[in-house]
Amino acid sequence: MNFPMSTESPGTKQPLPHVCVFAVGGTIAGSADSRTNTTDYKIGSIGVRDLIAAVPEIARIAEVTGEQIANVPSSDVGGEVLLRLAKAIAARLEDPEVHGVVVTHGTDTLAESAFFVDITVKSPKPVVFVGAMRPASAISADGPGNLLKAVSLAASGDAVGRGTLLALNDRIASAFYANKTHSTAVDTFRAEEQGYLGGFVNARPRFWYTPATPVGKPCFDVRAIESLPKVAILYAHQDQDDALIDAAIANGARGIVINASGHGSVGTATKKRIRELDARGFPVVRATRTNNGIVAEKPEGIGAGVHTAAKARWLLCLALARGASNEEIRAYFRA
């Protein structure tokens, strides 16, 4: 359902940019029975209409409509929700009257979802993901301020041509690179190697750089896709055997991502198993559990490049849905 929120700037007839807010749920839509409770609260207790209405300053920045895609913890967001979200965003951005989109989302898997949208929605118009580390009921709730700045960013002409963005804690980051790096701190989203794209001054975005696209960034058309292939993530550790690899395949996995140590390192026995799967054309991607740096090519498996295991999983899912061969999948990860 769409909820119109405002139509023009107070005191002027000058039309405002139209921004559509898609709500998925998460902490930004959560509340607790105590203003000091920031870790144990009910997620999804606030709908998109109330989220926007709680920040009346938004009406001075944009004409806003809201659409509830889901209202769940981000740990419950999966391929079905993301396909629906990506298709809805793409459809709205085709409307010449819509300037940009904001997605409210739980922070735990926000980086994964934003990455998915970044490589499935092809539009120069701004798409901004936003969330909160503290529920709306908290004495120090960060959600309202984050939402105000996200709408300001989506309404800004300076945000055009930059891909999907993250707007949290007065920072602007690229969804292609940024990840959650802390369990509770409000400055959790960072791109350690690539840095921030900009920040906010008086709730207005300020960029440090001209628009740029990540090198080799792919784009997948999901308009005709109804479901995605199953891909499992396995965590590498000392004394690891291959039982979970075989179990994942037996359970229907069409690809595997290993969250490996260091530079995508796995034990000798696992290397042998990966080579066997390589020979069969079964893709195994090696990421690093350090969540920083680049995992390059090795004789076994596919290096995840700059991507964390979680992001590598979505990239592999989409490549498999396209029918890509192992060599084509390798090319996606070399970016």
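Residues numbered from 1 in each chain as written. Predicted model: local features only at pLDDT ≥ 70, side-chain atom pairs only at ≥ 80, totals over all residues. Heavy atoms only, no water.

The name given to the protein in an unreviewed UniProt entry is L-asparaginase, with Bordetella genomosp. 10 as the source organism. You can read under Sequence similarities (unreviewed entry) in the UniProt record for the protein the words "Belongs to the asparaginase 1 family." (UniProt positions renumbered as here; feature names shortened; annotations may be inferred.)

**Q** Give me the lowdown on the sheet that holds strand β14 (residues 284-288), citing residues and values where you can.
**A** Read across the sheet, 4 strands follow the order β12-β13-β14-β15 without closing on themselves; strand pairing throughout is parallel. Of all strands in the sheet, those with a lone pairing partner are β12 (231-235) and β15 (302-303), marking the two edges. Of the strand pairs in this sheet, strand β13 (residues 255-260) and β14 are connected by 5 bridges, and their pairing is parallel. Across the sheet, residue V257 finds its bridge partner in β14, namely V285. (Pairing = 2+ DSSP bridges. Helix = DSSP H or I, 4+ residues; strand = E, 2+ residues; numbered from the N terminus.)

**Q** I'd love a proper account of the pairing of strand β10 (residues 198-201), names of residues and values included.
**A** Across 2 bridges, the pairing between strand β7 (residues 171-174) and β10 is antiparallel. Note that in β10 the partner of I172 across the bridge is G198. The sheet contact formed by β10 and strand β11 (residues 204-207) spans 4 bridges and is antiparallel. Within β11, the position partnered with V201 by the bridge is R204. Counted between consecutive antiparallel strands, the loop separating β10 from β11 contains 2 residues, among which N202 sits at a positive phi close to 55°.

**Q** Residue-level account of helix α2 (residues 79-93), with values.
**A** Between its first and last C-alpha atoms α2 spans 21 Å; for 15 residues at 1.5 Å apiece the expected length is 21 Å, and the two agree. Those residues of α2 lying buried are G79, V81, L82, L83, L85, A86, A88, I89, R92 and L93. (Expected span 1.5 Å × (residues − 1). Buried < 20%, exposed > 50% of the residue type's maximum accessible area, 1.4 Å probe, protein only.)

**Q** So what's going on with the domain arrangement of the protein? Which residues, and what values?
**A** By a widely used convention, the size of an interface equals the accessible area lost when the partners come together. Taken domain by domain, the protein comprises domain 1 (18-207) and domain 2 (231-334). Across the contact, 16 residues belong to domain 1 and 10 residues belong to domain 2. Buried surface at the junction of domain 1 and domain 2, both sides included, amounts to about 1100 Å², of which 71% is carbon and sulfur. A per-residue breakdown of the area domain 1 buries against domain 2 is headed by E112, F115 and N179, which together make up 41% of the total. Counting every contact that joins domain 1 to domain 2 gives 0 salt bridges. (Domains from an automatic or database assignment. Contact = heavy atoms within 4.5 Å. Buried area = accessible area lost by both parts, 1.4 Å probe. Salt bridge = Lys/Arg side-chain N within 4 Å of Asp/Glu carboxyl O.)

**Q** Describe the pattern of salt bridges, with residues and values.
**A** Under the definition given, this model contains 14 salt bridges. The residue R330 makes a salt bridge to E297 at a minimum N-O spacing of 3.7 Å. One end of the pair, R330, is in helix α8 (residues 326-333); the other, E297, is in the loop between β14 and β15, with 33 residues separating them in the sequence. Of the residues examined, R330 reaches a relative accessible area of 12% and is grouped as buried. Among the residues examined, E297 registers a relative accessible area of 38% and is labelled partly exposed.

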